[in-house]
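Geometric and topological summary
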Amino acid sequence: MDNWFRSVWFIRIISLMLAGLLWVTVNVEDNMDSDSLFFNQSSSDVEVIENIPLEIRFDSAEYVVSGIPQEVSVSVEGPTSAVAPVARQKNFTVYVDLNGLGPGTHEVSLQHSGISNQLAVTLDPKNIEVTIEEKVTQDHEVNIDYSNQRNLDANLELGEPDVSPQEVSITGASSVIERVASVKAIIDVGEATESIEAQEAPVKVYDNQGNELNVLVEPTAVNVDVPITKRMKSVPINVVPRGGNTEGVLIESVSTETEEVTISGPQEVLDEIDELPEVPVDVSEITEDQTVEVDIPLPEGATSVDPETIDVDVEVGKGDGEDQASEGDGNSTEE
C-alpha cells in the first residue's frame, strides 16, 4: 500500500477521480437550480383589475380637459407572488400627462407607475383623444324657479323672491361657457303654508335647450327668501237699511267710515268680484241715533273677509206712521 502512495500514477489517478466527482457534483447542483428557475418562470398568473381611476396631470389653473375616461382597466401578468399583491392592494397609479400641451385635440398615451418591473402591464385603453380648452370664468345672476307650484294652496300667492348672493361665478371650458342660457335655483313650494326664509338652494346652469351644463359654480348654493301671502283684493261696500221702522221713527241715513273691505280666496274668485253685495243694516228696532255693529257677508267662493264686522251710524228723525218703512223697503237714505 505504501508503494501505491509513492507511485506518481496512483496519485494522478486519485486526483482525476476526485476532479471527476467534483465536476459531477457541480453539474447536478446547476441542473437543480435550472429546474427550479424553470419551474418558477412557468408558474405565472394574469389578473385584470377593473375600475382604476385615471389621474390627469395638466395645468388646471389655465385649462379645462374633456374626453378623459374616469376609469380604466389594467391587466398584469407575471409570477403569482408578484401579481397577487398588486391585484389586491391596487397601490399603483394610471395617469395621462398633458403638461406641455396647449388648446386643441390631442391623442395621448396612458402611463402607469408603482407596478413591479417583474410584471407585464397592459392598459385598456392604451391611448385616448383629449380636448384641451382655455378656462373661462363669468358672473351670472341667479333666477328662482319653483317646483310643485300647482300643489300650492290656491288661496296663497308667491311674492318676489330675495336671493343671496344675487350672482355666482361660473367656470368652465370656453365652448361650454358660451352655451350658458340660464342660472337657476329651484325652490319646492308644494307644501308651503307660510313665507319661506333663508332656504338653501343648489345652483344649476342650463343651456337654451334646458340641458344642465358641466361647469364649476361658486358658491354652489344660495339662500332664498320667498314671501307667501293670502290672495287678497280690496272692494267697496254699500250699506243699506233693512227691516220695518218703529212707529213714529224715520230712518234718515245709514253710513260707515269703512269704505272698503279686503277679501281673500282663489284668484279666479277674486277676479269675479268688483264690489260686495249690499250690506244690510237691521233698523227694525232703531228708535234714536246710534252706532250698530254689522257683519260683513262672505262672498261665495271667498275664504275670508277683513274686517269681518263694521260700525254703521244710523240717524233717525220723527215721522208719522204713514212714513214708516215696511220690512224690506228701501225708503231710508244711505251714505
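Below is a short write-up of the structure. Remember, predicted model here, so these are calculated numbers, not experimental data.

**What about the overall build of the chain?**
Looking only at helices and strands, one finds five helices and 26 strands in the chain. When burial is assessed residue by residue, the chain has 31% of its 335 residues classed as buried. Put simply, of all contacts in the chain between residues at least 6 apart along the chain, 72% involve residues at least 24 apart. Of the roughly 21300 Å² that the chain leaves accessible, carbon and sulfur atoms contribute 45%.

**Focus: the sheet that holds strand S18 (residues 232-236)**
Where strands meet in a sheet, backbone hydrogen bonds hold them as pairs that are either parallel or antiparallel. Reading across the sheet, the three strands line up as S18-S21-S24 and stay open at both edges, with antiparallel pairing between neighbours. Lying at the two open borders of the sheet, with one neighbouring strand each, are S18 and strand S24 (304-306). The average angle at which neighbouring strand axes cross in this sheet is 30 degrees, direction not considered. Both strand S21 (residues 260-264) and S24 contribute to a ladder of three bridges, which runs antiparallel. From the neighbouring strand, Ser264 faces S24, where its bridge partner is Ser304.

**Considerations on helix H3 (residues 80-89)**
Those residues of H3 that sit buried are Ala82, Val83, Val86 and Ala87. Burial along H3 is one-sided: seen end-on, the buried residues are contained in an arc of 120 degrees. Turned more than 90 degrees away from the buried face of H3, the exposed residues are Ser81 and Arg88. Packing partners of the buried residues in H3 comprise strand S1 (44-57) and strand S3 (71-79). Residue Lys90 follows H3 closely and has a positive phi angle near 55 degrees.

**Overview of the sheet that holds strand S7 (residues 120-124)**
Reading across from one edge, S6-S4-S1-S3-S7 is the order of the five strands in this open sheet, with mixed pairing throughout. Whereas interior strands pair on both sides, the edge strands pair on one side only; in this sheet they are strand S6 (111-113) and S7. For this sheet, the mean inter-axis angle between neighbouring strands, taken without regard to orientation, is 35 degrees. Two strands pair when backbone bridges link them, and S3 and S7 are joined in this way by five bridges, in the antiparallel orientation. Directly across from Ser73, in S7, lies its bridge partner Asp124. Sheet contacts for H3: S1 and S3; angle to S3, the most-contacted strand, approximately 155 degrees.

**A short note on unusual backbone geometry**
Both trends apply: most residues other than glycine have a negative phi, and most peptide bonds are in trans. With an omega dihedral of 5 degrees, the bond running from Asp124 to Pro125 counts as a cis peptide bond. Looking at where Pro125 falls in the secondary structure, it is placed in the loop between S7 and strand S8 (127-141). The phi angle at Asn148 is positive, at roughly 60 degrees, despite the residue not being glycine. As for its placement among the helices and strands, Asn148 is situated in the loop between strand S9 (143-147) and strand S10 (156-158).

**Topic: the layout of surface pockets**
A volume near 430 Å³ is recorded for the largest pocket. In terms of lining, the largest pocket is formed by 20 residues, of which the most central are Val64, Val65, Ser66, Ala173 and Asn214. Contributing elements (two or more residues each) for the lining of the largest pocket: strand S2 (63-66), S8, strand S12 (167-173) and helix H4 (174-177). Looking at which element gives the most residues to the lining of the largest pocket, the answer is S2, with four residues.

**Let's talk about the pattern of salt bridges**
Considering all chains together, one arrives at six salt bridges under this definition. Here Asp145 and Lys184 are joined by a salt bridge, their closest N and O atoms 3.0 Å apart. Note that Asp145 is positioned in strand S9 and Lys184 in strand S13 (residues 182-188), a separation of 39 residues in sequence. Residues Glu212 and Lys204 are paired through a salt bridge, measuring 3.8 Å at the closest nitrogen-oxygen approach. We classify Lys204 as partly exposed; its relative accessible area is 31%.

**Focus on the packing of aromatic side chains**
The full count for this structure, using the stated rule, is zero aromatic pairs. Over the ring of Tyr95 we find Arg57, and its NZ or CZ is 3.7 Å from the ring centre.

**Focus on the side chain of Glu133**
Along the polypeptide, Glu133 turns up in strand S8. Although Glu133 lies buried, it forms no salt bridge, and the closest oppositely charged side chain, Arg179, sits 8.4 Å away as judged by the N-O distance. A distance of 2.7 Å separates a polar atom in the side chain of Glu133 from a polar atom in the side chain of Ser175. Other than its neighbours up to four places away in sequence, Glu133 contacts Glu62, Tyr63, Val64, Ala173, Ser174 and Ser175.

**Describing the nonpolar core**
Counting 28 residues, the largest nonpolar core has Val168, Val183, Val205, Val215 and Val222 as the members making the most contacts within it. Listing elements by their share of this core, those giving two or more residues are S10, S12, H4, S13, strand S14 (196-206) and strand S16 (221-226). Examining the composition of this core, we find that four residues originate from one element, S14, more than from any other. Beyond its immediate sequence surroundings of up to four residues, Val205 is in contact with Ile170, Val180, Ser182, Val183, Asn211, Glu212, Leu213, Val215 and Val217.

Procedures and definitions
Residues numbered from 1 in each chain as written. Predicted model: local features only at pLDDT ≥ 70, side-chain atom pairs only at ≥ 80, totals over all residues. Heavy atoms only, no water. Helix = DSSP H or I, 4+ residues; strand = E, 2+ residues; numbered from the N terminus. Buried < 20%, exposed > 50% of the residue type's maximum accessible area, 1.4 Å probe, protein only. Contact = heavy atoms within 4.5 Å. Areas by Shrake-Rupley, 256 points an atom, 1.4 Å probe, with all protein chains shown as cover. Pairing = 2+ DSSP bridges. Axes fitted to C-alpha atoms, helices over the stretch in contact; angles between N-to-C directions. Arc of directions from axis to C-beta. 1 Å grid on protein atoms, 1.4 Å probe; cavity = no way out; pocket = protein on both sides within 12 Å on 5 of 7 lines; lining within 4 Å. Points joined across faces, edges and corners; volume = space filled by probe spheres on them. Salt bridge = Lys/Arg side-chain N within 4 Å of Asp/Glu carboxyl O. Phe/Tyr/Trp six-rings, centres within 6.5 Å; stacked < 30°, edge-to-face > 60°. Lys NZ or Arg CZ within 6 Å of the ring centre and 35° of its normal. Lys, Arg positive; Asp, Glu negative; His and termini not counted. Polar contact = N/O pair within 3.5 Å; in protein donor to acceptor, adjacent residues only side chain to side chain. Core = buried A, V, L, I, M, F, W, Y, C linked by side-chain atoms within 4.5 Å.

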